[in-house]
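Single-letter residue listing:
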Amino acid sequence: MTTSTAAPKKRQLPTVYTLLFIIIALMAALTWVLPAGKYNYLTAKTQQPVAAAAVADYSGDERLLPVPGSYTELPSQPQGVFEVLKAPIQGFHKAADVALFVLIIGGFLAVTMQSGALDAGVGAIVRAFAGRERLLIPVLIALFALGGSTFGMAEETVAFWALIVPVMMAAGFDRMVAAGIILLGSGVGVLASTVNPFATGIASGFAGIPIGEGIGLRVIQWLLLVIFASWFVMRYAKQVQQDKSRSVLADIVYDDEFSQMKSGNLAFTGKQKLTMLVFFGTFLLMIYAVVPWSDLGIDLLPTLGWWFDELSTLFFSASILIAIINRMPESSYVATFLNGARDLIGVALVVAVAHGIYVVMEHGVIIDTILHWAEGLVSGLSSSVFILMAYLVHIILSFFIPSTSGLATVSMPLMGPLADFSGISRDLVITAYQSASGWINLFAPTAAHLVAGLALARIPYDRFVRWVLPFILGVALITMGVLVAGALLHG
C-alpha cells in the first residue's frame, strides 16, 4: 500500500489589482478615523488668500501654497463602499491620457513585431555584444538614470519595455534583468534628481531657492546609486546567464510576444533596418520632446513641451509609417494594431486603479491632515535628526501622494521654513523630499509606471518586490548617509 502526500500549495500574494483595491479601502477607512482638514492657502503668483473651507471650491489656474500653522479641521467626509468602488472609475478619468498612451504603445509594438524587424534587430544587437552582453546593463542603467535625474523619466519608461525585454532575453538573461534596468535605472535617477523641473524645480520654487542649489550633493548621490544599481543588476544577470534555474521567474512558463521572438540568425534586411531606424528614432524624439530644455538653461534647443497627447500621436504616427515601409495591407495593419492595444488593456486598468487611491484621499479631505501630522513631527529637532526625520516623513507622505510635483506643492511651503529653525539649508530638505519620493516609487504599487511595466512584461508584482528588497534597503542606507553628511557639512 502506498500513500501520497500532496505538496502544500505555495502561498501567493493577491494580484496587483487586489492590492490596489485593498489600499483604496484602507484609505477610505482612514477617512472615518482621521479628522478632515485643510490648511489656509495662498495663490502662488498673486498671493491671494484662500481659506481652508474654500479650497475645495477654488477654480483658479494658480497653484495653491499651504500656509504653515494654519491647519483647520473641517466637517468629516467619510468615504464608503460606493466611493471605494467608484474611485478607480474616477481615477481612470484622471489617468486617461496615460492609459491611452499605454494602449497605443501596445499597437505600436504589435505592428513593429509583425514586420519581423524587431526579431532581426535584437539578433543583430546580441551578435554585436556576443560574450559582452553584461556591458549593456550599466550603460542602459546610466542612460535611464540620466533621464530620471534631468526630466523625471517615469511614466515614459512604459514605452521602453518593448525595446529592453527582448534584448535582455535574447542575451540569455530573464525579464527581471530588463525590469532592473528600466525601473531601477530611472528610479534612482528620479530619486537623485539634479535639475528635474517636476521635482527639484517645483520644490525649489516653493522653497524660495534656485534650482541649482545643492546640486553637488545630488550628483554624488546619483553616482553612488547608479554604481549600486549596476552592480546589483549585473550580479543577478550573471547568475541567470550561468544557471537559468536561479532566475526568480524560472517556474513561470511564458507564452507571449516576447517569448515567441526568434532572434538567432535572422537576416537583417534593408527594409527591416529602416523599420528599426523609425522604431529607435521614435524613442529618441520622445526623449527630446519631453525634456524642458529652457528650464535647464539650454536655449540652443527649442523646448517642445510634449506630454501624453503628443506622445500618443507620435507613436501612433510611427506605427503607420512602419506599416507603410513594410507594405502592410490596411486591414492587416488595423487588426494588428487593435490586437496589440487589446493585449495592454489590463495595464491601462492598473493605471486607473492606482489613481483611485489619491481620489479617495482627496474626497475624504485627509491629505492635509496627514501633512499636518508630519509638520508637528519634525519641528524643533537637531540638524542631523531633523533631516532623517524629514526623509522618513516624506516616505510616508509619498505613499499617499505618489506624484512628485503634487508632494512638492503641499509639503515644501511647510518643510522649507522648518529647515531654517533646524539650522540646515533648504536645499537639503529638497534632497530629502525627492529621495523619499523616489525611494517609495521604486517598489510601491501606487507607482503607476511600475505596475504598468511589470504587467506589460508579465512579471508578478510579488516576485519583483522580493527580488528588489535588498536593493531598496541599500538605497535607503546610502541616501540617509548622504543626507547626514550634508547636514554635518552644513553645520
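Caption draft 1: Focus on the overall build of the protein chain. The number of helices and strands found in the protein chain is 19 helices and five strands. For the protein chain, the proportion of its 491 residues judged to be buried stands at 54%. Taking as baseline every contact in the protein chain between residues at least 6 positions apart, the subset at least 24 positions apart corresponds to 80%. Put simply, the protein chain shows about 21,100 Å² of open surface, and 65% of that area lies on carbon and sulfur atoms.

Caption draft 2: Representation of the side chain of serine 115 in the model. Along the chain, serine 115 falls in the loop between α3 (96–114) and α4 (117–128). When neighbours within four sequence positions are excluded, serine 115 is seen to be in contact with Gln272, Thr275 and Asn326.

Caption draft 3: Examining the pattern of salt bridges more closely. Counting across every chain of the model gives two salt bridges. Residue arginine 463 is joined to aspartate 251 by a salt bridge in which the shortest nitrogen-to-oxygen separation is 2.9 Å. Residue arginine 463 is found in helix α19 (residues 461–490), and its partner aspartate 251 is found in the loop between α9 (215–242) and α10 (270–290); the two are separated by 212 residues along the sequence. According to the relative accessible area criterion, aspartate 251 is exposed, its value standing at 51%.

Caption draft 4: Region of interest: the side chain of serine 230. If you trace the backbone, serine 230 turns up in helix α9. Other than its neighbours up to four places away in sequence, serine 230 contacts Pro138 and Ile141.

Caption draft 5: Local environment of the sheet that holds strand β3 (residues 49–50). Strand order across the open sheet formed by three strands is β3-β2-β4, with antiparallel pairing between neighbours. Each edge of the sheet is formed by a strand with only one pairing partner; in this case those strands are β3 and β4 (64–66). The sheet contact formed by strand β2 (residues 41–43) and β3 spans two bridges and is antiparallel. What sits directly across from tyrosine 41, in β3, is valine 50.

Caption draft 6: Local environment of a nonpolar patch on the surface. On the surface, Tyr17, Phe92, Ile345 and Leu349 cluster together to form a nonpolar patch covering roughly 330 Å² of accessible area. Mapped onto the fold, phenylalanine 92 is located in helix α2 (residues 81–94).

Caption draft 7: A look at the nonpolar core. Grouped together as the largest cluster of nonpolar side chains are 143 residues, with contacts concentrated most on Trp439 and Phe471. The residues contacting tryptophan 439, other than those within four sequence positions of it, are Leu191, Tyr391, Ile395, Ile472, Val475 and Ala476.

Rules and cut-offs
Residues numbered from 1 in each chain as written. Predicted model: local features only at pLDDT ≥ 70, side-chain atom pairs only at ≥ 80, totals over all residues. Heavy atoms only, no water. Helix = DSSP H or I, 4+ residues; strand = E, 2+ residues; numbered from the N terminus. Buried < 20%, exposed > 50% of the residue type's maximum accessible area, 1.4 Å probe, protein only. Contact = heavy atoms within 4.5 Å. Areas by Shrake-Rupley, 256 points an atom, 1.4 Å probe, with all protein chains shown as cover. Salt bridge = Lys/Arg side-chain N within 4 Å of Asp/Glu carboxyl O. Pairing = 2+ DSSP bridges. Patch = residues over 30% accessible without salt bridge, like charges linked within 9 Å, V, L, I, M, F, W, Y side chains within 5 Å. Core = buried A, V, L, I, M, F, W, Y, C linked by side-chain atoms within 4.5 Å.

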